[in-house]
Amino acid sequence: MKIIACIKQVPDSEAKVKAEGGQVSWGDAPLVINPFDEYAVEGALQQKEISGGTVTALCVGPESAKEALKHALAMGADEAVLVSDATLNDLDTVGAAKVLAAAIQKIGGADMVVFGRQTLDNGAGLTPAQTARVLGWPMLGLAGQIKVDGGSVQVERVLEEGRQSMKANLPAVLSVVQSIGEPRYPSFMGIRKASKATIPVWSLSDIGASAPAPIVTRTELMNPPAQETATEMITGETPAEIAEKLADKIIAEKVL
Amino acid sequence: MKTFVYIDHFKGEVQPASWEALGLAKSFGAAIALVFGTGVDAVAKAALEYGADEVLVADDASLADYRAETYASTLTSLASSQSPNLILFPTTARTREMAAMSAVDLNTGVLTDVSALEVNGESFISTRPIYEGKLIEKTVCSGKPVMATIRGRAFPKPNREEGKSGTITKVAAAGEAKSTVEGYSASESAVNLGDAGVIVSGGRGVSNNPSLTPPAGMDEKQAEIWRAQQGFALVTELAQLLGGAVGASRAAVDGGYITYAHQVGQTGKVVAPDLYIACGISGAIQHLVGMRNAKVIVAINKDADAPIFKQARYGVVGDLFQILPALTEAMKKKLGK
Ligand SMILES: Cc1cc2nc3c(=O)[nH]c(=O)nc-3n(C[C@H](O)[C@H](O)[C@H](O)COP(=O)(O)OP(=O)(O)OC[C@H]3O[C@@H](n4cnc5c(N)ncnc54)[C@H](O)[C@@H]3O)c2cc1C
Ligand SMILES: Nc1ncnc2c1ncn2[C@@H]1O[C@H](COP(=O)(O)O)[C@@H](O)[C@H]1O
């Protein structure tokens, strides 16, 4: 089985992100693999363990994103590819999907392309379905469990209403959620292998794509209004007394 | 101005934010509701009662089960023939996929998770949280039609006018399915955190009651889960009394105390209820990003230094196994239930 895991690099979720001069700033907080995409790599590696084959980590991003790809290699991915091009700064999700689809074709296709659920930065959770649409492959989104059987794949989708079992022929595009299992830690050997790996960098012309014109664009960036929460601690002699006071406070808020 | 509003439903059960989208569409001009599926007459009727000027119904066997491909193609075909200016959706797992695909077909874009939408001449300016709510951005979409999925509870729900009638037009389904639905598992009951007005959540703390003695023969892990279930029973009782939903931290989900569908936070659901009661939850950033937009936050925690208190309007330092039952009792009395 040939599996591609699509990953992005984002500021760590502990980062203090701020708007500064219309730009996003995260200070000196580290850039990491998008946490949702760690599950994508984990899901891909699980399938490789069951069916054999290879896992290729794929990212569209700046040179620095090689670090995120190295994390995927350290987890156990066999190869990594970075698509990087100066013209790709204002990529929206349709644009990302077109570039990813072209890169997937350039890699020589795949049996399965695994995505994360969404990106942590300005993620919309649109790219997986859009990539599937561009490729003309079936989309199995929000998979919590994956089972490959010959030429087809069956997933358990985790939806608001419960779990839905869905099946499609390969090649297919999947996105995965946390129920897939905790992403494995990079092994010592994996880290060594990743630090030595040379990651090919492809330009748009390498993959035969042109720069997609952005359709969705940002016009303004703001810090959210400061949330002033004055916390009122409720105390009392007994749980009943505390509960009595708290109940009155909640009712007075008129939120019920 | 002509707006399509996609009414998202699961087996006839409508996602309430669909009506909020309909209300928003009406504020711009004509609102045409789209209902896809089979046997969806009741949904179409409800759309008229909530104010749709017209309802387009694609009732076709190929749409019996939601599949992104057929739903997207049907939408694309309607949008191509009727040229709406705007297509609104409630934000759900299904609409994200179908909007995403249809946008590729129509060479346009999707504004997601929109919490405000203004018209500016021909274009729409959307406001949405990014970076887990740490920033707010305004975006525009230069394609046509503009597609936008709206955040639940961000826009007012229009009143329902029972018995209001109007035009329901049958339209054709389009596209070919690329997958088959094999079934739904009943083991996980519906969890609708997105539009809950009240959420009572439990964290790792719900398993921490050493005075409870689990049934004999359980190993340590089983005993922990058993204790957590007693804790979640208290959480659920309060949630039900207040007409709300049950949420959970990731530690509770990972511990096997409750299913993932209940998880609030970065890798779970982002929620904005009027009241959020966090019980035995420490308040890690990844949890906070999922609930800090709640109007009123109440935290119950044993540890006075738990970071959750910094976000809370009201805090109680105490054992949830004592405070929760007392709170449920007090609420019952005061609400006359
Ligand atoms: C990439 C990533 C994504 C994540 N996504 C999420 C997410 O979506 N949602 C999420 O919640 N977390 C998420 N996390 C995990 C998060 O960092 C925390 O580990 C998690 O939220 C902790 O859950 P908790 O508060 O229930 O547990 P703990 O941090 O262990 O806190 C338990 C609390 O219960 C209190 N307590 C114990 N016993 C009692 C009692 N009897 N009565 C009252 N209080 C008691 C304790 O004082 C403590 O404060 C994510 C982490 C990462 C790295
Ligand atoms: N630039 C990118 N390079 C590789 N994969 C990406 C990129 N952007 C998004 N993805 C994938 O698409 C998923 C959804 O992203 P988004 O639609 O931006 O929320 C992510 O979890 C990744 O798996």
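Structure: see above.
Residues numbered from 1 in each chain as written. Chains lettered and ligands numbered in written order. Predicted model: local features only at pLDDT ≥ 70, side-chain atom pairs only at ≥ 80, totals over all residues. Heavy atoms only, no water.

Draft legend 1. Seen up close, the pairing of strand β18 (residues 314-317) of chain B. As paired strands, strand β15 (residues 232-233) of chain A and β18 of chain B are joined by two bridges and run parallel to one another. What sits directly across from Glu 232 of chain A, in β18 of chain B, is Tyr 314 of chain B. Note: strand β17 (residues 296-301) of chain B against β18 of chain B, four bridges, orientation parallel. Its bridge partner lying in β18 of chain B, Asn 301 of chain B is registered against Val 317 of chain B. (Pairing = 2+ DSSP bridges. Helix = DSSP H or I, 4+ residues; strand = E, 2+ residues; numbered from the N terminus.)

Draft legend 2. Summary view of empty space enclosed by the protein. Applying the stated criterion to the full structure yields one cavity of 30 Å³ or more. Considered as a void within the structure, the largest cavity measures approximately 40 Å³ in volume. As for the largest cavity, its lining consists of Phe 36, Tyr 39, Arg 117, Val 176, Val 177 and Gln 178 of chain A together with Tyr 260 and Thr 267 of chain B. Broken down by class, the residue content of the lining of the largest cavity amounts to five nonpolar, two polar and one charged. (1 Å grid on protein atoms, 1.4 Å probe; cavity = no way out; pocket = protein on both sides within 12 Å on 5 of 7 lines; lining within 4 Å. Points joined across faces, edges and corners; volume = space filled by probe spheres on them. Nonpolar A, V, L, I, M, F, W, Y, C, P; charged D, E, K, R; others polar.)

Draft legend 3. Geometry of the sheet that holds strand β8 (residues 112-115) of chain A. Here we have ten strands laid out as an open sheet, ordered β13(A)-β7(A)-β6(A)-β1(A)-β8(A)-β12(A)-β9(A)-β10(A)-β11(A)-β13(B), and mixed in their pairing. Here the strands that pair on one side only, and so sit at the sheet edges, are β13 (201-202) of chain A together with β13 (179-185) of chain B. Together, β6 (54-60), β7 (79-83) and β13 of chain A form the strand contacts of helix α2 (residues 66-75) of chain A, whose direction differs from that of β7 of chain A by roughly 165°. (Contact = heavy atoms within 4.5 Å. Axes fitted to C-alpha atoms, helices over the stretch in contact; angles between N-to-C directions.)

Draft legend 4. Structural view of the pattern of salt bridges. Counted by the stated rule, this structure contains 33 salt bridges over all chains. Two residues, Asp 78 of chain A and Lys 48 of chain A, come together in a salt bridge whose shortest N-O distance is 3.0 Å. Of this pair, Asp 78 of chain A sits in the loop between α2 and β7 while Lys 48 of chain A sits in helix α1 (residues 35-51), placing them 30 residues apart in sequence. Note on Lys 48 of chain A: relative accessible area 23%, which makes it partly exposed. A salt bridge links Glu 182 of chain A to Arg 250 of chain B; the shortest N-O distance between them is 2.8 Å. Note that Glu 182 of chain A is positioned in the loop between β12 (172-176) and α5 (188-196) and Arg 250 of chain B in helix α6 (residues 250-254), a pairing that runs across two chains. By relative accessible area, which is 45% here, Glu 182 of chain A ends up partly exposed. Assessed through its relative accessible area of 27%, Arg 250 of chain B is described here as partly exposed. Linked through salt bridges whose partners overlap, the residues forming this network are Glu 232, Lys 249 and Glu 253 of chain A together with Arg 313 of chain B. (Salt bridge = Lys/Arg side-chain N within 4 Å of Asp/Glu carboxyl O. Buried < 20%, exposed > 50% of the residue type's maximum accessible area, 1.4 Å probe, protein only.)

Draft legend 5. The arrangement of the site of ligand 2 in detail. Residue and element names in this part refer to chain A. Surveying the vicinity of ligand 2 reveals 21 residues, the closest of which are Asp 37, Val 60, Thr 119, Gly 125 and Thr 127. The backbone of Val 60 places a nitrogen or oxygen atom 2.7 Å from a nitrogen atom of ligand 2. The separation between an oxygen atom of ligand 2 and a polar main-chain atom of Ala 124 is 2.9 Å. Burial of ligand 2 by the protein amounts to 96% of the accessible area it has alone, namely 480 Å². (Near = heavy atom within 4 Å. Polar contact = N/O pair within 3.5 Å; in protein donor to acceptor, adjacent residues only side chain to side chain. Areas by Shrake-Rupley, 256 points an atom, 1.4 Å probe, with all protein chains shown as cover.)

Draft legend 6. Inspection of the nonpolar core at higher detail. If you look at the biggest cluster of nonpolar residues, it comprises 54 residues, and the most contacted ones within it are Leu 58 and Val 113 of chain A together with Leu 34, Phe 36 and Met 98 of chain B. Counting residues per element, this core draws most heavily on helix α3 (residues 93-107) of chain A, at seven residues. Here Phe 36 of chain B is in contact with Tyr 6, His 9, Ala 58, Leu 63, Tyr 71, Thr 74, Leu 75, Leu 78 and Met 98 of chain B, once residues within four sequence places are set aside. (Core = buried A, V, L, I, M, F, W, Y, C linked by side-chain atoms within 4.5 Å.)

Draft legend 7. Representation of the interface of chain B and chain A within the structure. Opposite the 88 residues of chain B that make contact, chain A presents 85 residues. In total, chain B and chain A occlude about 7400 Å² of area from one another, counting both sides; carbon and sulfur atoms represent 57% of this. Three residues stand out in chain B for area buried against chain A, namely Tyr 131, Tyr 260 and Tyr 314 of chain B, and they jointly supply 10% of the buried area on that side. With a shortest N-O distance of 2.9 Å, Arg 157 of chain A and Glu 97 of chain B are connected by a salt bridge. (Buried area = accessible area lost by both parts, 1.4 Å probe.)

Draft legend 8. Representation of the side chain of Lys 138 of chain B. Positionally, Lys 138 of chain B belongs in strand β10 (residues 135-141). Those residues in contact with Lys 138 of chain B that lie beyond four places of it in its chain are Thr 217, Arg 218, Thr 219, Glu 220 and Met 222 of chain A together with Glu 118, Ile 125, Ser 126 and Thr 127 of chain B.

Draft legend 9. Up close: the sheet that holds strand β12 (residues 167-170) of chain B. All names here are of chain B. A sheet is described by the order of its strands in space; here seven strands give the open sequence β7-β11-β6-β1-β4-β5-β12, paired in parallel fashion. Among the strands making up the open sheet, the edge pair consists of β7 (110-114) and β12. Across this sheet, the average inter-strand angle for adjacent strands is 25°, counted without regard to direction. Bridge count for strand β6 (residues 86-90) against strand β11 (residues 146-150) is five bridges, and the pairing is parallel. Considered in β11, the bridge of Ile 87 is made with Met 147. Contacts from helix α3 (residues 68-82) reach β1 (2-6), β4 (30-37), β5 (54-59) and β6 within the one sheet, and its direction differs from that of β4 by about 150°. Lying over the sheet, helix α4 (residues 93-106) contacts β1, β4, β6, β7 and β11, oriented at roughly 170° with respect to β11.

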